[in-house]
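# Structure assessment
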Amino acid sequence: MAKAYIDETVNPLTAAVPAGMAAHSLISAFFLHSSATPLTCSQSTTKIPKFSISKTLSFRRRSIIVTPVSSFLKSRNKLEHNQKLTCVHNLLHTKNSFLSAFDSILVLCTSVALSISLFVTDVDPASAFVVTPPRKLQTDELATVRLFQENTPSVVYITNLAVRQDAFTLDVLEVPQGSGSGFVWDKDGHVVTNYHVIRGASDLRVTLADQSTYEAKVVGFDQDKDVAVLSVDAPQDKLRPIPVGVSADLLVGQKVYAIGNPFGLDHTLTTGVISGLRREISSAATGRPIQDVIQTDAAINPGNSGGPLLDSSGSLIGINTAIYSPSGASSGVGFSIPVDTVNGIVEQLVKYGKVTRPILGIKFAPDQSVEQLGVGGVLVLDAPPSGPAGKAGLQPTRRDSYGRLILGDIITSVNGKKVTNGSDLYRILDQCKVGDEVILEVLRGDHKEKIPVVLEPKPDES
């Protein structure tokens, strides 16, 4: 058996490679199917120690024992690769540590800023964490919202209290017998409402927009026009007078807004339009007609009485006073007393405590009775001698000695203005003042006469 021995000392970084070493490398590549990657200076600067490579080629049993140089080169490449991975890992670890520290500092700054804002800003702490999506409102919606917010503080809630005696214990109790709405008229504490809201009350309570309640006193009222004025002793900073407008130039179709307390639900807003003008309704207390009333389709329910009717600018144009409904709830036909009428009444009530309204001092028959006689006008049933008409000589309806009915004078005109019913007469008198002299044209029997009458105030107005 022949053996070949190769014993060489080789430095891979030296300039020349022996021929025997090259042959050995070729044999190793053929048998082990491996190739070595040359080592360059750019990959590593570490010096490799010298060592001996001894290889024995044995042809016994066709076995070859070889220790290739490629194994060394593979180990060297693996070492360098691990070193590179270690460097990259260290760099990534350093970068991640820096980012984590930066994130921690950012979170800390945000928390401190939020805490400072909660202490400095006067905001509900819970609301700071509530994100409210923005609402996109139309222009008319924004105007309605602004109108309600600006005028709500002027609207009040009125409770009518009555004294009742318990049937078993005989204790005297004060119980609510009704409620309604009203509004602040001035900074002196005057509140305007309907007369039928306070009628029959032993005590009255007024609740302002901030839910503070005050005892109210009656300053005065006008039963014929269903208007009353109350007084509350409240601080001026809590009283916001409602802006007063004009009702003479209103138009049908104009937008209106009603604020009140229907069914005890405080500060409720309903909207509508002016459905009609110059309507006429009767006073709930005296039955006397109220002229030039505003008709609206804004919902007016029990509890809205006495509340304000506003135009689109937020100015007062009327007092909600009545509805036309068989069921008692809103049916789309509501009525409001015009502010031009209310303005003059309130001024007199605040100044004098009563309304000085001129009267003729007569009682007249229902319109239906005169129509059955086939004549137009106002039939005088009674004219007391102490009254203006009695002093002027008007003849009342009476019976003769045989019991036969003798009709009194029938008023057909006042100051040249035709009178066909009681409403016409009231309308003309509302335009007059106490002390004015009016000329009445009356039908007496089968002829007409003109009688001057000096108007006087009603003695028991308040």
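Everything numeric in this text was worked out from a predicted model, so none of it was measured.

What follows is about the confidence of the model for the chain. Chain-level statistics for the chain give a pLDDT mean of 75 and a share of 68% at 70 or above. Counting interchain partners and residues more than four positions distant, the pLDDT-below-50 stretch residues 1-70 has 62 contacts. For residues 125-131, every residue scores under 50 in pLDDT, and the model assigns this stretch 4 contacts once sequence neighbours within four places are set aside.

Examined against the element boundaries, Ser-154 turns out to sit in the loop between α3 (139-151) and β3 (155-165). Within polar-contact distance, the side chain of Ser-154 engages the backbone oxygen of Arg-240 at 2.7 Å. Not counting residues within four places of it along the chain, the set of residues in contact with Ser-154 comprises Gly-182, Phe-183, Val-184, Arg-240, Pro-241 and Ile-242.

On the surface, Leu-373, Val-375, Leu-405 and Leu-407 cluster together into a nonpolar patch covering about 320 Å² of accessible area. For Leu-405, the location among the structural elements is in strand β19 (residues 405-406).

Attention now moves to the pairing of strand β13 (residues 316-323). Here β13 lies mainly inside the structure; 6 of its 8 residues are buried. Count of turn residues in the strand β12 (residues 308-310)/β13 antiparallel hairpin: 5 residues, of which Gly-314 carries a positive phi of about 85°.

Another aspect to go through is helix α5 (residues 339-352). The end-to-end C-alpha distance of α5, which contains 14 residues, comes to 20 Å, matching closely the 20 Å that a straight helix rising 1.5 Å per residue would cover. Residues of α5 that are buried make contact with β5 (190-193), β7 (213-222), β8 (227-232), β13 and β14 (334-338). Phi turns positive one or two residues past the end of α5, at Gly-353, with a value near 80°.

The pairing of strand β22 (residues 437-444) with strand β23 (residues 447-454) spans 8 bridges and is classified as antiparallel. When the sheet's bridge partners are listed, Ile-439 is paired in β23 with Pro-452. Hairpin geometry of β22 and β23 is characterised by an intervening segment of 2 residues between the two adjacent antiparallel strands and by a positive phi of about 70° at Gly-445.

What counts and how
- Residues numbered from 1 in each chain as written.
- Predicted model: local features only at pLDDT ≥ 70, side-chain atom pairs only at ≥ 80, totals over all residues.
- Heavy atoms only, no water.
- pLDDT = per-residue confidence, 0-100.
- Contact = heavy atoms within 4.5 Å.
- Helix = DSSP H or I, 4+ residues; strand = E, 2+ residues; numbered from the N terminus.
- Polar contact = N/O pair within 3.5 Å; in protein donor to acceptor, adjacent residues only side chain to side chain.
- Patch = residues over 30% accessible without salt bridge, like charges linked within 9 Å, V, L, I, M, F, W, Y side chains within 5 Å.
- Areas by Shrake-Rupley, 256 points an atom, 1.4 Å probe, with all protein chains shown as cover.
- Salt bridge = Lys/Arg side-chain N within 4 Å of Asp/Glu carboxyl O.
- Buried < 20%, exposed > 50% of the residue type's maximum accessible area, 1.4 Å probe, protein only.
- Pairing = 2+ DSSP bridges.
- Expected span 1.5 Å × (residues − 1).

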